Every structure is written in structure tokens, then in C-alpha cells.
Amino acid sequence: MSEREAKLTRKTKETDISVILQLDGTGKSMVNTGIGFFNHMLEGFARHGLFDLEINCEGDLAVDCHHTIEDCGIVLGNAIKKAVGDKKGIRRFGSCILPMDETLVMCAIDLSGRPYLQFDAEFTTDRVGYMDTEMVKEFFYAISYSAGMNLHIKVLSPGNNHHMIEAMFKAFARALDDATVIDPRITDILSTKGSL
């Protein structure tokens, strides 16, 4: 594995998940969660963040989609944290305002080590495909806490639920790519404390 790659597995009575994440990738992905729309969102995340991503999840979808989506967020967040490492040389902050047709979404990230999620969005349908819309917030909550990131997501212009969710995943990808980029001007850790 390269220095900025993470390979993790997590198995519980509810899910069996494996993730490989390469921060310095080209946007390739192989995703299988058993939830078509969620697969589509994760593939978009990889493509627009230029991350190489493999996720395989066998979850208790006979119950519902909750455990699969939340646990994928936990493992992906842990993979981000591991791949970033000691954070030396990274920009730390990233943001993106991303349009998708009639919708506009803002995402801002601080890889501070202090987890926090501010999520401002309202959906008008219970599901998109086989993904419950209430699970979008749960997914990003799981990522923010397992990765140790301050994550803000806000829908600036609402519209079609599919468009809002897809814009969130793409804006998150672009912001995360910006935050994890190695900047040659930063020779240590970008903090007055000296550590994150």
C-alpha cells in the first residue's frame, strides 16, 4: 500500500464491510453495498474527489438500509483518517459550492481531529431508490465522527431529492480532495498548536 492508502474491514452481526481508499487516485471505484442509489453516490464521491475506492458490504438489508449505510460511513471515515495519517503537509480545510441543475449545495471541511456535523437539508420524499433519505444525514454523521472532521453540509437551493443528495456527495468529495491535498508550502502540520 502507498503512504496515503487505507485498507480496512469491519464485521458485526449486522454488516460485513471491506474498504480500500487511495487518496491520490484517479476516480476509479468498485462499489457494492446492495443499495443501488447508495452505490451511485459512492461512485460519484470517488470520481469527483479523484479517489480510488473499493467498498464491499454485505448488510442486513432484509431489516432495512440503516445498518448498511451507517456502517459504511463508519468504515469509510476510519479509512479517511488512516489514509491522511499525521496530516503533515495537507491543506486541512476544504470547501465546495456545487450546483446540480436547480439545486445548490455547500460543503466545508476541517480535518481538525474534532468531530462535528452541521447538516442543513430537508427532503420531501422518504426514499430515493432503495435508500431512505433520512440516512443521508446518518451517513455523513458517521463519517465526521469516525474521521474526526468538522463537516458542514447545507442545501442553499433545494429541489429534486435525487439532485440534492447527489450534489451533497459530490461537494463532499471536492471539499475532501481540497482538504487532503499535499501543499508544498506547508512543511509541517497546519496548526498553531503544532498538532491536530
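Structure first, text after, so check above.
Just so we're clear, the structure is a prediction, and the values are computed from it rather than from any experiment.

1. Structural notes on the sheet that holds strand E5 (residues 93-100)
For sheets, the rule is that strands pair by backbone hydrogen bonds, running either parallel or antiparallel.
Here is step 1: The strand order E5-E6-E10-E7 describes an open sheet built from four strands, whose pairing is mixed. Either end of the sheet is taken by a strand with one partner, and the two such strands are E5 and strand E7 (116-120). Across the sheet, the mean angle from the axis of one strand to that of its neighbour is 10°, orientation sign disregarded.
Here is step 2: One ladder, built from five bridges, connects E7 with strand E10 (residues 150-157); its direction is parallel. Bridging from a neighbouring strand, Phe119 pairs with Ile153 of E10.
Here is step 3: Where helix H3 (residues 134-147) meets the sheet, its contacts fall on E7 and E10, and the angle it forms with E7 comes to roughly 160°.
Here is step 4: Most of the contacts of helix H4 (residues 161-180) go to E5, to which it runs at about 150°, and overall it touches E5, strand E6 (103-110), E7 and E10.

2. Topic: the nonpolar core
Here is step 1: Ranked by size, the top nonpolar core spans 60 residues in total, and within it Leu76, Ile80, Ile109, Phe140, Met149 and Phe172 carry the most contacts.
Here is step 2: When residues in this core are grouped by element, the largest group, eleven residues, is from H4.
Here is step 3: Contact partners of Ile80, with chain neighbours within four places excluded, come to Leu21, Ile143, Ala147, Met149, Phe172 and Leu176.

3. Description of the pairing of strand E2 (residues 15-22)
Here is step 1: Of the strand pairs in this sheet, strand E1 (residues 5-11) and E2 are connected by seven bridges, and their pairing is antiparallel. Along E2, the bridge assignment pairs Thr9 with Ser18.
Here is step 2: Hairpin connection, E1 to E2: the antiparallel pair is bridged by three residues.
Here is step 3: The pairing of E2 with strand E4 (residues 52-59) spans eight bridges and is antiparallel.

4. Structural notes on the sheet that holds strand E3 (residues 29-32)
Here is step 1: Pairing in this open sheet of four strands is mixed, and the strands run E1-E2-E4-E3 from one edge to the other. Two strands close off the open sheet at either side, each with one partner strand: E1 and E3. Across the sheet, the mean angle from the axis of one strand to that of its neighbour is 5°, orientation sign disregarded.
Here is step 2: Contacts from helix H1 (residues 36-49) reach E3 and E4 within the one sheet, and its direction differs from that of E3 by about 160°.

5. Looking at the packing of aromatic side chains
Here is step 1: A complete count under the given rule lists eight aromatic pairs for this structure.
Here is step 2: Note on Phe38 and Phe139: the rings are 5.4 Å apart at their centroids and 80° apart in plane angle, and the pair reads as edge-to-face. Placement of the pair is Phe38 in helix H1 and Phe139 in helix H3, with a sequence separation of 101 residues.
Here is step 3: The class of Phe38 is buried, set by a relative accessible area of 0%.
Here is step 4: Relative to Phe169, the ring of Phe139 lies with its centre 5.2 Å away and its plane at 20°, an arrangement referred to as stacked. Separated by 30 residues along the polypeptide, Phe139 in helix H3 and Phe169 in helix H4 bring together distant segments of the chain. Phe169 carries the same exposure label as Phe139, and that label is buried.

The rules we used
Residues numbered from 1 in each chain as written. Predicted model: local features only at pLDDT ≥ 70, side-chain atom pairs only at ≥ 80, totals over all residues. Heavy atoms only, no water. Pairing = 2+ DSSP bridges. Helix = DSSP H or I, 4+ residues; strand = E, 2+ residues; numbered from the N terminus. Axes fitted to C-alpha atoms, helices over the stretch in contact; angles between N-to-C directions. Contact = heavy atoms within 4.5 Å. Core = buried A, V, L, I, M, F, W, Y, C linked by side-chain atoms within 4.5 Å. Buried < 20%, exposed > 50% of the residue type's maximum accessible area, 1.4 Å probe, protein only. Phe/Tyr/Trp six-rings, centres within 6.5 Å; stacked < 30°, edge-to-face > 60°.

This is a description of form; function is not addressed.
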